[in-house]
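Architecture and fold: a report
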Amino acid sequence: MVQGSEHFKQVQQQVSSALKQGVKRVRSKMNSLQAQMGSTEKCEEIQKQADLVTANIYRWQPGQQQLEVEDWDTGKNISIPLATGKSAVEVAEGLYKQARKRRRAGDQISPLLEKAQADLAYLEEVNDSFQAVTDYEDVDDLITLKGIQEELVGGKYMRAPADASLADKGRAKGKKAIKRAGATALQGFRKYSSPSDIQVLVGRNNKQNDELTNRVAKAGDVWMHARGCPGAHVLLRASTSNSEVQASDLQFAADLAAWYSKKKAEGKCPVIMASPTDIKKPKGAAPGQVMVKKETTMLGRPDDSVPAQQERV
């Protein structure tokens, strides 16, 4: 049987390879689409040439190879090539046809480019989670890494490992046991205690973020996330505590949300705060994505967070 640390290294290598290949494919697709989009952006220039030819048809003489016209925007004279054997009207019609064709192509390429850009942003966010799991210290690290692996398999960025079916059966049995016991598995999450000794959970990947927000969170808890950037879902579990939530507890959790976000290095970070009852996962949304119906904002200070203080020791 493979030991935890050895299994961790195996999964780490597989996930690293899948992320590199996935990013490479998406960037290649983006470059191709951007090149095509650059070609379609010339449609306005072609449209203008057609308009200028149309407005100056009276200047055309049979056999002309170019038409001298005044550019409306600059006031300067420019030369527009004319195809041999074609009249100015035929040239203008050809230019209008080219402009329409390029505009239609642009309409088709634009959503594909937006999708590729979103895919790249998503993979970079997953990679941030992956880079945070560098070493095997306990089973939570392996669980977190396996969660990233499962997410990439689900997104078809990598093939399922050979032991995936056995792992699925094991997870199914585990979930049934948890349900029978009436408990919730909290393995994998980062765990902290606020100044009032209220548990704070932090997701370590998108799968855990989904689990934390959609299954663990209860009415009475406080959910947090850095505003306007990728980051971990953070949950102040007030519903499980007899202590009343104090301002210091909220600040404690907000600092963690700021630390475990893309704005970690900025010193200050606006943090969304909401009740779990005001959070919904849209149908078809990617792992970790949610919609917040009602929220307030407070300022998180990453450098004041517990992990920042631990780093300075």
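Below or above, wherever it landed, is the structure these notes cover.

1. Some points on a positive patch on the surface
- On the surface, a cluster of positive charge is contributed by Lys-97, Arg-100, Lys-101 and Arg-104.
- Relative to the helices and strands, Lys-97 resides in helix α3 (residues 88-131).
- For Lys-97, a relative accessible area of 60% gives the class exposed.

2. Digging into the environment of Asp-304
- Mapped onto the elements, Asp-304 comes out in the loop between β10 (296-300) and α8 (306-312).
- For Asp-304, a relative accessible area of 41% puts it in the partly exposed group.
- With 176 residues separating them in the primary sequence, Asp-304 and Asp-128 have C-alpha atoms 21 Å apart.
- Once residues within four sequence positions are removed from consideration, Asp-304 is found in contact with Asp-255 and Gln-309.

3. So, the packing of aromatic side chains
- For the coordinates displayed, the defined rule picks out 2 aromatic pairs.
- The interplanar angle of 55° and the centroid separation of 5.8 Å between the aromatic rings of Phe-8 and Tyr-136 together place this pair among those described as tilted. Placement of the pair is Phe-8 in helix α1 (residues 4-40) and Tyr-136 in the loop between α3 and α4 (139-154), with a sequence separation of 128 residues.
- We classify Phe-8 as buried; its relative accessible area is 2%.
- With relative accessibility at 31%, the residue Tyr-136 sits in the partly exposed group.
- Ring geometry for Tyr-122 and Tyr-157: centres 6.2 Å apart, planes at 35°, overall tilted.

4. Comments concerning the sheet that holds strand β6 (residues 234-236)
- The 6 strands are arranged β3-β4-β6-β5-β7-β10 in an open sheet whose pairing can be described as antiparallel. The open sheet is flanked by β3 (190-193) and β10, the only strands paired with a single partner. When strand polarity is set aside, the average angle formed by the axes of neighbouring strands in this sheet is 25°.
- Here 4 bridges tie strand β5 (residues 222-226) to strand β7 (residues 269-274), and the two strands are oriented antiparallel to one another. Directly across from Ala-226, in β7, lies its bridge partner Val-271.
- Packed on one face of the sheet, helix α6 (residues 206-216) meets β4 (199-202), β5 and β6 and runs near 135° to β4.

Thresholds applied
Residues numbered from 1 in each chain as written. Predicted model: local features only at pLDDT ≥ 70, side-chain atom pairs only at ≥ 80, totals over all residues. Heavy atoms only, no water. Patch = residues over 30% accessible without salt bridge, like charges linked within 9 Å, V, L, I, M, F, W, Y side chains within 5 Å. Areas by Shrake-Rupley, 256 points an atom, 1.4 Å probe, with all protein chains shown as cover. Salt bridge = Lys/Arg side-chain N within 4 Å of Asp/Glu carboxyl O. Lys, Arg positive; Asp, Glu negative; His and termini not counted. Charge placed at Lys NZ, Arg CZ, Asp CG, Glu CD. Helix = DSSP H or I, 4+ residues; strand = E, 2+ residues; numbered from the N terminus. Buried < 20%, exposed > 50% of the residue type's maximum accessible area, 1.4 Å probe, protein only. Contact = heavy atoms within 4.5 Å. Phe/Tyr/Trp six-rings, centres within 6.5 Å; stacked < 30°, edge-to-face > 60°. Pairing = 2+ DSSP bridges. Axes fitted to C-alpha atoms, helices over the stretch in contact; angles between N-to-C directions.

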